[in-house]
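Here's the letter readout for the chains.
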Amino acid sequence: MTPEQTNVTEKMTSVKAACNKAPAGPRKDRALEHYQAAEKAHEANNYGETNRELDAAAKAIS
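Structural notes, computed from the coordinates.

What counts and what doesn't
Residues numbered from 1 in each chain as written. Predicted model: local features only at pLDDT ≥ 70, side-chain atom pairs only at ≥ 80, totals over all residues. Heavy atoms only, no water. Helix = DSSP H or I, 4+ residues; strand = E, 2+ residues; numbered from the N terminus. Buried < 20%, exposed > 50% of the residue type's maximum accessible area, 1.4 Å probe, protein only. Polar contact = N/O pair within 3.5 Å; in protein donor to acceptor, adjacent residues only side chain to side chain. Contact = heavy atoms within 4.5 Å. Expected span 1.5 Å × (residues − 1). Arc of directions from axis to C-beta.

### Let's talk about the side chain of Thr50
Position of Thr50 among the secondary structure elements: in helix α3 (residues 47–61). Residue classification places Thr50 among the buried residues on the basis of a relative accessible area of 0%. Only 2.8 Å separates the side chain of Thr50 from the backbone oxygen of Asn46, close enough to count as a polar contact. Not counting chain neighbours up to four residues away, the residues in contact with Thr50 comprise Val8, Met12, Ala38, Ala41 and His42.

Pasting the structure below:
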């Protein structure tokens, strides 16, 4: 894996853990939507979009 792929994978793990720990509600729902979009972008090897969606997910639950 390239360093970019490794960083994205680590970021996905971190954001997923944060989403799982977040209390139920609209903020968590928004974060999960962004996380799911990040998963789709990651599967398509679109790392820029993956990072944007992960950032949006993290922001939604912060």
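### Considerations on α3
For an α-helix, the turn length of 3.6 residues means that residues three or four places apart are oriented alike. Here α3 contains 15 residues, and its C-alpha end-to-end distance of 21 Å stays within 8% of the 21 Å for a straight helix at 1.5 Å per residue. All of the buried residues in α3 are Tyr47, Thr50, Glu53, Leu54, Ala57 and Ala60. Taken around the axis of α3, the buried residues stretch over an arc of 145 degrees, which confines them to a single face. Summarising the geometry of α3, the exposed residues directed more than 90 degrees from the buried face are Arg52 and Lys59.

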